[in-house]
Structure formats: C-alpha cells, structure tokens
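What the coordinates show
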Amino acid sequence: MLSRRTVVMGALATSASFRLAAQAQNPPASGPGGDAAPRTVLRLQRRNIEVNGKLASVYGIRQPDGTFGITTDVGKPFRTRVENRIEEPSLVHWHGLTPPWQQDGVPGISGPPILPGGSADYDFPLRFGGTFWMHSHQGLQEQLLMAAPLIIRDQRDRPDQQEIVVMLADFSFTPPDQIFAELKKSASKVPPAAQAGPPPIAKKASMAGMATPGAAAKPDLNDVKYDAFLANDRTLADPEVIKVEPGGRVLLRIINSSAMSAYHIDLGTLDGELTAVDGFAVTPVRGRNFPIAVAQRLDIRLAIPRTPASYPVLAVLEGDSKQTGVILAAGNALVARIPELAKMPSSSLTLDLEGRLRSVRSLTPRRADRVHTINLTGDMAKYIWSLNNVAWTPNALPLPIANGERVELIMVNQTGMPHPMHLHGHEFQVVEIDGKRFPGAVRDTVLVPPGRRVVIAFDANNPGLWAFHCHLLYHLDAGMFTTLKYV
Ligand SMILES: [Cu+2]
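As the structure is a prediction and not an experimental result, all values here were calculated from the model.

Before going further, it helps to spend a moment on the overall build of the chain. Looking only at helices and strands, the chain has 6 helices and 31 strands in total. A fraction of 75% describes how many contacts in the chain between residues 6 or more apart in sequence connect residues 24 or more apart. Element-wise, carbon and sulfur atoms account for 54% of the exposed surface of the chain, whose accessible area totals about 19500 Å².

Before going further, it helps to spend a moment on the packing of aromatic side chains. Scanning the entire structure with this criterion turns up 13 aromatic pairs. Taking 5.1 Å as the distance between ring centres and 80° as the angle between the ring planes, the aromatic pair formed by Trp-94 and Tyr-122 counts as edge-to-face. Taken together, the positions of Trp-94 in strand S5 (residues 92-95) and Tyr-122 in strand S6 (residues 119-125) put the pair 28 residues apart, joining distant regions of the chain. For Trp-94, a relative accessible area of 0% gives the class buried. Chaining the aromatic ring pairs together yields one cluster made of Phe-78, Trp-94, Tyr-122 and Phe-124. Positioned above the aromatic ring of Phe-173 is the side chain of Lys-54, whose terminal nitrogen or guanidinium carbon lies 4.2 Å from the ring centre.

Moving on, we get to the coordination of the copper ion. Taken together, the protein donors to the copper ion comprise His-419 (ND1), Cys-470 (SG) and His-475 (ND1), at separations of 2.0 to 2.1 Å. Take Cys-470: its relative accessible area is 0%, and that puts it in the buried class.

Right, let's talk about the sheet that holds strand S24 (residues 419-423) for a bit. One open sheet holds the 5 strands; their spatial order is S22-S31-S30-S24-S28, and the pairing between them is mixed. Each edge of the open sheet carries a strand with a single partner, namely strand S22 (399-400) and strand S28 (445-448). Inspection of the sheet shows S22 paired to strand S31 (residues 481-486) by 2 bridges, in the parallel sense. Across the sheet, residue Pro-400 finds its bridge partner in S31, namely Lys-485.

The next subject is unusual backbone geometry. Phi is positive for Asn-232, which is not a glycine, with a value near 50°. As for its position among the elements, Asn-232 is in the loop between strand S10 (228-231) and strand S11 (241-244). Non-glycine residue Asp-278 carries a positive phi angle of around 50°. Tracing the backbone through its elements, the reader meets Asp-278 in the loop between strand S14 (272-277) and strand S15 (280-287).

Turning our attention to the pairing of S24. When a strand is regular, its side chains alternate between the sheet's two faces. In terms of burial, S24 is a largely internal element, 5 of the 5 residues being buried. Every second residue of S24 is oriented toward a common face, with His-419, Met-421 and Leu-423 on one face and Pro-420 and His-422 on the other, all of them buried. By the bridge criterion, 4 bridges tie S24 to S28 in an arrangement that is antiparallel. Counterpart to Met-421 in the pairing with S28 is Val-446. Two strands pair when backbone bridges link them, and S24 and strand S30 (residues 464-470) are joined in this way by 3 bridges, in the antiparallel orientation. By the bridge assignment for S30, Met-421 is matched with Cys-470.

By the definition in use, this model includes 29 salt bridges. A salt bridge links Arg-39 to Asp-121, with the nearest nitrogen and oxygen atoms 3.9 Å apart. On the criterion of sequence distance, the pair formed by Arg-39 in the loop between helix H2 (15-24) and strand S1 (40-51) and Asp-121 in strand S6 is long-range, its members being 82 residues apart. No difference in accessibility class separates Arg-39 from Asp-121, as the two residues are buried. A salt bridge links Asp-154 to Arg-156, with the nearest nitrogen and oxygen atoms 2.9 Å apart. Among the charged side chains, a salt-bridge network with shared partners connects Arg-153, Asp-157, Glu-163, Arg-253 and Asp-299.

So, on to the pairing of S10. A two-sided burial pattern is seen for S10, the buried positions comprising Ala-228 and Leu-230 on one face and Phe-229 and Ala-231 on the other. Pairing geometry for strand S9 (residues 161-171) and S10, over 4 bridges, is antiparallel. Within S10, the residue paired with Asp-170 across the bridge is Phe-229.

This part is about the confidence of the model for the chain. Predicted confidence across the chain gives a mean pLDDT of 89, with 86% of residues reaching 70 or more. With pLDDT under 50 throughout, residues 192-216 is counted as low confidence; its partners more than four residues away or in other chains account for 44 contacts.

With that settled, consider the sheet that holds S1. The strand order across the open sheet formed by 4 strands is S2-S1-S4-S6, and the pairing between neighbours is mixed. On the outer flanks of this sheet lie strand S2 (54-62) and S6, each paired with one strand and no other. Going from strand to strand, the sheet's axes swing by 25° on average, the running direction of each strand aside. Two elements, S1 and strand S4 (residues 77-84), share 5 bridges in a ladder whose sense is parallel. Residue pairing for S4: Val-41 is matched across the bridge by Arg-81.

For the rest of this paragraph, the subject is helix H3 (residues 176-187). Between its terminal C-alpha atoms H3 stretches 16 Å, which fits the 16 Å expected from 12 residues at 1.5 Å a residue. Within H3 the residues assigned to the buried category are Pro-176, Ile-179, Phe-180, Leu-183 and Ala-187. For H3, the angular spread of the buried residues around the axis is 95°, confining them to a single face. Exposed side of H3, more than 90 degrees from the buried face: Asp-177 and Lys-185 are the residues found there. On its buried side, H3 packs onto helix H6 (473-478).

Attention shifts here to the environment of Asn-289. When you line up the elements, Asn-289 lands in strand S16 (residues 289-292). Spatially, the C-alpha atoms of Asn-289 and His-264 are 6.3 Å apart, while their sequence positions differ by 25 residues. Setting aside anything within four residues of it in sequence, one finds Asn-289 in contact with His-264, Ile-265 and Asp-266.

Here is what the cut-offs are and how they apply
Residues numbered from 1 in each chain as written. Predicted model: local features only at pLDDT ≥ 70, side-chain atom pairs only at ≥ 80, totals over all residues. Heavy atoms only, no water. Helix = DSSP H or I, 4+ residues; strand = E, 2+ residues; numbered from the N terminus. Contact = heavy atoms within 4.5 Å. Areas by Shrake-Rupley, 256 points an atom, 1.4 Å probe, with all protein chains shown as cover. Phe/Tyr/Trp six-rings, centres within 6.5 Å; stacked < 30°, edge-to-face > 60°. Buried < 20%, exposed > 50% of the residue type's maximum accessible area, 1.4 Å probe, protein only. Lys NZ or Arg CZ within 6 Å of the ring centre and 35° of its normal. Donors = N, O, S within 2.8 Å, 3.2 Å for Na, K, Ca; no water. Pairing = 2+ DSSP bridges. Salt bridge = Lys/Arg side-chain N within 4 Å of Asp/Glu carboxyl O. pLDDT = per-residue confidence, 0-100. Axes fitted to C-alpha atoms, helices over the stretch in contact; angles between N-to-C directions. Expected span 1.5 Å × (residues − 1). Arc of directions from axis to C-beta.

This is how it looks when you write it as structure tokens:
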C-alpha cells in the first residue's frame, strides 16, 4: 500500500501542494516500517568555505548536527526528510541507489523540486551496501557543491578498519550560469573546419587532431578552467590531515563529486587494493594509481606501514598536473607541504582498468531481450550535447523497455570528448568494450572515451521513468540526457 508520503512524492503533485503536504506531516507520522526507524533530516543549505585564501559561498547537504550526508547500514530503510533551506527550488538524487522511481530525485522526471522552505520525505529499502553519494539534480547546483557522501555499511566492512571518505570536487569562483554561458560562447568561436563531422570534433586540445577525428584524435579534456580542486572541501595549500594507525588498515572511499573533472588517484608509495567500484565488489586489483571518472567511486584498501610517516592520497586531474588530496598521518610524522602541481602530468583516462575489472557477483548469464544503441553525439559549435543526435527536451520520447527484460545499451562515442554515462535506478554490468565480451564490473557510471564502444547490461526490475545521461554537468544541462520508461 502506498503511504501518504509516497503519494506526495508522486510526479502528479504540484510544487505548491507538494510543499504544503510535506509541511503538514511535521511531526513525522508513522511510515510503512512503523514508528521504530527514526527519520534522518538532511538540510540543503548555504555555507562558506575558504578557497585559495578567499571566502566562497557554496551549498551543502548536512544533518542538523553538521554531519555531511549519511552513513547507514544495509537492510535498514532509507528514511530521510530533505529540507530545502536555500533560496531556490532543489531536489536531491541518491546516486547509485534503486528507490521507487518517484523518490529518485530528478526534477521533472521523478517529481517536482522542493520549493524554498519546503521538505520531502523518502522511505525505501536499501538493497545493497557500498560507497554512494547524493547530489542536487536541479539546474547547476552540483557545481556549487550541493553533494554529500551516502555510505551504506555491509558485511564487507570490518571493525579493525578505519574508513576515510574523500570527496573530490572542482571549484570555480565564476557562477555556474556564467561558466555555462562562456562554454557556449567559446564553442561558437570554433572555426568551421573543426565543426565538420562526423564525428564532431571538440575545440582546443583536439584541434591538432582534426585531420584524424574520433579515436585517433587527442581527446578534448577540461574545457572549464577551474580555480581549485578540492578534497573534502580543501586544497593542498591547507589539506585535511587524517590520523591513521601505524600498521593499521584503512578503507578509502573515494567519491568523485566533480561537475566536469576526472582524475588519477595517486597513492604514492602505498600499495592499494581496489575492492569495489561504484559500491559493487570487484575481484581485487592491486596498484598505486587508479582512474576515477566523474560521479564514480573507488573503494581502496590500504595497509599503513608500521613506521611513522605521512602518506598523501592525491587526485591528479586527467591530462593535467593540477592535483588535490588528503594526507594520512601515521604516528607523529612531519606533514610536508604537497605542491598543487604534480611532477608529471596525468594522462587522459583510458578503459585499461575497466577492461580488467571483474565483478564478484555478475548478472545471471542471459541473452538480451532488448538492445538499444545510443550514439553519444554533439555539436561543439553550439555546445549542444545529445544522444542519437537528440538534445533532450521534456517532449523527447523515452526509450521503451519492458518489465522483466534483460536490457543492453550499446554506447558509441562519436564525439571528441569522454562521457561518463550514468543510469538511474538500476545497477548495470559492463559486458563489452569495442567488441570484446567479458563479465566486467557492476556499477552505475561508466566512462565512454572518444571513439570507443561500451556495452552495459541490466535487468529491468524497477519499473518507472528513469534518467540516463552523461554526468558531465554542462553536457547534461546541454541535453546529453534521455529517459527509459516501463511499467
Ligand atoms: Cu558528456
């Protein structure tokens, strides 16, 4: 049976009645799970941080006691109330979770945004644990750090292991609207030769590669020039220093909440063991350097050496030397200042690791009942980004699928930029790269570099209207977005 709250979350509710109904429920009535489970309040609010010695007004998602986001346990209901304390409408998406579609937090798809002063309630079971995150799906609020960790502990977590969450973000003092306007303006200055397709070639970095478009061209990266890169809201000029036990075990939960920036995680002299991507277990991969695209997460286990020392955990911007990070301080070690430029520039992200990842729990092998080919397309001249040459509008038709089907999405990147593609409401498995089938990682966001073909498979087991889009914020806003629908 639908609770009153679930009805309130429905897409049919208008913003006004949505707000009134939500307010009328205060104090909380008992939900489907009874009175027992307390409701966690999350407030969307303005806050100040200091970046490069200057004060910056950004957003945050915090509990009344100041805790960013949520840490909870698998099996518990996800019972939250989101209170909008900012001056504009907002709505929060639970990235990687599989709620009923009306609680997915995409304005105009799952339901209306929460008006200023209003609130919305959520209540759904947590089917699996792992490292997830939450972020506003409204406008460009994510660029102003409207994001927070969403950690679900499960049987993989060990009491003898210190958990450290590292949230990465890109930061600009330029307001997001202006960033977007400048992207459109500078795009229109691309010489006509660079606009000729197919495939359309992005500007700047890829200009040199114009004669050999697509995969052969150097990918176009980092078209927003950020003022800073943040790890837990701080730069390397004043990084977070986290005490760890010499000889102890650490689980890094790295979340890339950046709007537009991908990184290579540099563990320095520490050997890491990658145990999960986007929350889902993979056969462990050892290494000191791991790529992370926008919206992805990495769980990396570390064994801290017994000798006191400080160990930076860095994120180096792809195709650049700029870096951010946190410092792990084991014992009474001196903490040296880490420069904001790495010695060596990082390469652009590849699919080398993706092709090696193997899920610990694959989908049941099964032929696809339905296959959709989705070309990742764009027109750099107008800064229009699209799927199958359709820049999304509310009139765009959803991709049809049906309940119970095994669905495969073939993504072919025909542009000069990499696109991290995210499916809402379902975990998927990477099953093919460039024609080679393999039982890859189960995850919710996969990178498709220029000229590459990536196939994902999922089971249609959560009926509704679901978003599928590029997670680069300005590509998403420009129209690289579609929906899937089934009942
Ligand atoms: Cu994109």
